[in-house]
Structure formats: structure tokens, C-alpha cells
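Observations on chain architecture
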Amino acid sequence: MPETKYVRGETGLIAYQVFGEGPLDLVSLAGSTGHIDVRWESPAFARFYKRLASFARVVLFDRRGNGASDPFPADEVPTWEEWADDFRVVMDAAGSSRAAIVAHLDAGPMGMMFAATHPDRTTALVLANTSARTLVADDYPEGLSPEAVEAILGAIEAGWGTEAFAEAASPSLAGDTRARAWFAKYMRASASPRMVAAQLRPMMELDLRDVLPSIRAPTLVLHRREYALTPIAQGRYLADHIPDARFVELEGADSSLTYGDSDRALDAIEEFLTGVRRHAPLDRVLATVLFTDLVDSTGRAAELGDRRWRDLLDQHDAVAREEIEQNRGRLWKTTGDGVLATFDAPGRAIRCAISIGEALGPMGLSMRAGLHAGEVELRENDVGGIAVHVAARVAALAGPGETLVSRTVADLVAGSDVRLADRGTHSLKGVPNEWQVFAVRA
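As the structure is a prediction and not an experimental result, all values here were calculated from the model.

**Details of the nonpolar core**
- By size, the foremost hydrophobic cluster in this structure holds 96 residues, and its most contacted members are Phe 183, Leu 222 and Leu 273.
- The element that contributes the greatest number of residues to this core is helix 2 (residues 80–93), accounting for seven residues.
- Other than its neighbours up to four places away in sequence, Leu 222 contacts Val 126, Leu 127, Ala 128, Asn 129, Val 248, Leu 250, Leu 257, Ala 265, Ala 268 and Ile 269.

What follows is the structure in C-alpha cells.
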């Protein structure tokens, strides 16, 4: 996590961070949902900002009333002009004379105001899931009715900081319990429900349409097709009324660009700001996944006692690590009584599983193992994807001392010296379809 620093604005302290060494300066504005320290706990947010830092020097800050910056009374919400002035103060503290602006959600008006009033300090403007006006008008059918706006504000104040609201704001988190719980915590760390509602109400009543023609910086408008709070028609209105603006429609309904198809958003931002779209950092590869598990570990622990069992587990981990390294694999984690590893070749993965099992025999330990080959998702210190789940389910089918492989692995080692015996087809818990598995013969 970058170092968090403070700078004094006209009415309070503002927390900010600077990271990355790219040739251009980029200031990312997060709006009322933001805490510059807590956001780095999320792999999705960390990945998003690291990608920005790969081509830019990035400046983040919590505007007053949010996150690590000074609060203000709920009945004295700063104006958008005052928040834009905070923006200027942070740029000065970061040593940035000119910068590109990426403004999300309710930070959009701040970005628009700054770009229009400080064109000499704005190299480009990126607006995401935001608008110049929320309320409907005779000349603005894209807007929402006053009743809808009141309902939205009521729902925000009632549900802010809950997992249900986190899922509503980012529907792609529906199946990820950990990410949903973290996002709820992130909201609570950003501001209280009352404070957020107090900040959002002025945005709902704001009308910046007259400002749009004054924005001379090159502008990119990104908008999720199904984002409910700000209909996509409002994003198109921005692109149509900011001179020479470019519009990119994104899939999904997530409020934050860090969730959903974040790579497409990042690709568009990088190409717009640098003129070049590089390949995204490698995060998905084809690999053979090895999942192992000690047989009857609970019973053995009770039989041996905690201390002796702990010593055996340490020996198990050392043996597994050595064999994985010798077979050019990568140990991602130990699971208490097993390991998760990946290999670039299925033959080496099978040999590694057999070697681990043979080394554990003299210790009085019996192991089951499962292997599957498929595309995996590489994370900071973990690996994920359906291939990992399949390998775990295949391992669960194995008997004591047995190594089972999926049909995919069997096909990849065809013609080698690996001998396999058909163990039939099985349903794997949580995984669609029937799966044929094979046992590795000694």
C-alpha cells in the first residue's frame, strides 16, 4: 500500500497517496465511497490501481467528509466548487502541475468542474457512471423523477454498509461472500449512512449541463449499460454535449469500474490517455492443478496429540514443497493437511503427486490427490478458477494412497509412460456435467 500523507485544505486535512512512475500524472476521484487505506485490502481494487500505475503516476485522495480525511457536519456539506478546490490543493501537494482526471460516480461533477475551470491543469478527463444532471426536465428526458430520486436516497440511507446494499451496488459480487462482506465494510469506512445521503442529495439536485461545452480537455465517457442509479442515457448525454467526447459502453450493472469487466474499462482508459493499448498483465494461464489431502487427518491428530501431529504436518509441508520445486511446479498454499500447486506440464504434476505420496509412507501418512488441467486465474498470492475446484473435487473421490486425474489430464498425457485405469464417470459437487476420472497406476 502506498504511504498516506496529509495536506491542509482551507477547511481541513485531506488524506492522499501518490504511486506509480508513468510518464503522465493521473488523479483518480472516487466520490462518497472511498477510503484510501481500506481499498488496498481488496484484490480487485489493488489490481485496478496497479494497472493504472503501470502507465501513470497516480494520485488518490479522500475528499473531506470521507475515509481518512477530516469530517464535516452533515448540515454543512461542501459545495462542488469547494471540493474542486481540495482537488487543486492535493495536486499541488503531490507536485503535479497538470494531470488527467478519472472521476467515478458522484465525483464526476468535481472532475467536470475542475476540467472546466482549470483547463491549464487538465490534460484529459475520464468520466465513469456519472452525469451532469439527475432529475428529469422538459429538455432532459434522460433524468429520473423526483419520487425515484427520493426513493434512491432513502434506500441508500437505510441500506448503506450492508451486504445487501453491496450486492445491489455491484451485482457481480452476488456469488462472492468475502468480496461482498469487504465491500460492505468499505462503505462503512467511507462514511456513515447519514453522511453519504447528505453528500449525494446535492448531486441529485445539481445541473452542470451548461458547464459541459466549456470542457476543452479530451474526454472519455465510460458507462455501464445496466447501472440503475445513473441510466446510460445520462452517460450518452455527457458524451454528446462535451466537445469531441468519446463514449464507451461497458457491460454489466456494477457501480465501480473495479468489478465486472474491469479489463475493458482499463484498456479503454489506457488507450485513451496514452494512445496505446497494451495487453493486460497476464492473469489467466493454462495449468495442471494438483490438490492433495491427508487421509483421516482428524483421527491421526487425535491419536498422536497436537504436538506430534504438528511436527508431522511440518514434515509433510517440507516434503511437498521440495517435490513441487523439483518438478518445476508452484506451491500456492498449504491447506493444513494438504497442498494446492500448479504445473506447466501434466506429466510433471503426476510424478510430483506420486513422489509426495511415496515420501509420506515412511512417516505413517497416507495421501489422496486429484489433478485437472484448465485455465486458472492468477491472483496476488493465490490461484482460482473452475480448474481448481475440479481438482479438489477429483481429489475427494480418491481413496487412501490414490491419485486420480480428470479426463482432460488423461488426454494430455496420452502416449507417455503414465499408466491410467478408468474409474468411471462422476458428478462433482458444485461443478456442472459428468466427469470421467482415471487412477494413476504405479
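**Observations concerning the pattern of salt bridges**
- The final tally for this structure, using the stated rule, is 24 salt bridges.
- One salt bridge connects Arg 310 with Asp 314, and the closest N-O pair in it is separated by 3.2 Å. Of the two residues, Arg 310 and Asp 314 are both situated in helix 11 (residues 306–326); the distance of four residues between them amounts to about one turn of the helix.
- Notably, a salt bridge pairs Asp 382 with Lys 333, separated by 3.8 Å at the nearest N-O pair. Placement of the pair is Asp 382 in the loop between strand 12 (367–378) and strand 13 (383–384) and Lys 333 in strand 10 (residues 330–334), with a sequence separation of 49 residues.
- Overall, Asp 382 belongs to the partly exposed group, its relative accessible area being 21%.

**Details of the environment of Val 90**
- Looking at where Val 90 falls in the secondary structure, it is placed in helix 2.
- Contact partners of Val 90, with chain neighbours within four places excluded, come to Val 7, Ile 14, Tyr 16, Val 59 and Phe 61.

**Regarding the pairing of strand 9 (residues 284–294)**
- Examined bridge by bridge, strand 9 and strand 12 share eleven bridges and lie antiparallel to one another. Across the sheet, the residue bridging to Ala 287 is Gly 374, located in strand 12.

**Brief notes about the sheet that holds strand 5 (residues 99–104)**
- Strand order in the open sheet formed by eight strands is 1-2-4-3-5-6-7-8, with mixed pairing between adjacent strands. Pairing within the sheet leaves two strands with one partner each, and these edge strands are strand 1 (5–8) and strand 8 (246–250). Pairs of neighbouring strands in the sheet enclose a mean axial angle of 25°, with direction left out of account.
- Pairing of strand 3 (residues 24–29) with strand 4 (residues 56–61), which is carried by five bridges, proceeds in the parallel orientation. Following the sheet pairing, Ser 28 is matched in strand 4 by Leu 60.
- Strands strand 3, strand 4, strand 5 and strand 6 (122–128) of the sheet are contacted by helix 3 (residues 108–117), whose axis makes an angle of about 155° with strand 6.

Conventions and cut-offs
Residues numbered from 1 in each chain as written. Predicted model: local features only at pLDDT ≥ 70, side-chain atom pairs only at ≥ 80, totals over all residues. Heavy atoms only, no water. Core = buried A, V, L, I, M, F, W, Y, C linked by side-chain atoms within 4.5 Å. Buried < 20%, exposed > 50% of the residue type's maximum accessible area, 1.4 Å probe, protein only. Helix = DSSP H or I, 4+ residues; strand = E, 2+ residues; numbered from the N terminus. Contact = heavy atoms within 4.5 Å. Salt bridge = Lys/Arg side-chain N within 4 Å of Asp/Glu carboxyl O. Pairing = 2+ DSSP bridges. Axes fitted to C-alpha atoms, helices over the stretch in contact; angles between N-to-C directions.

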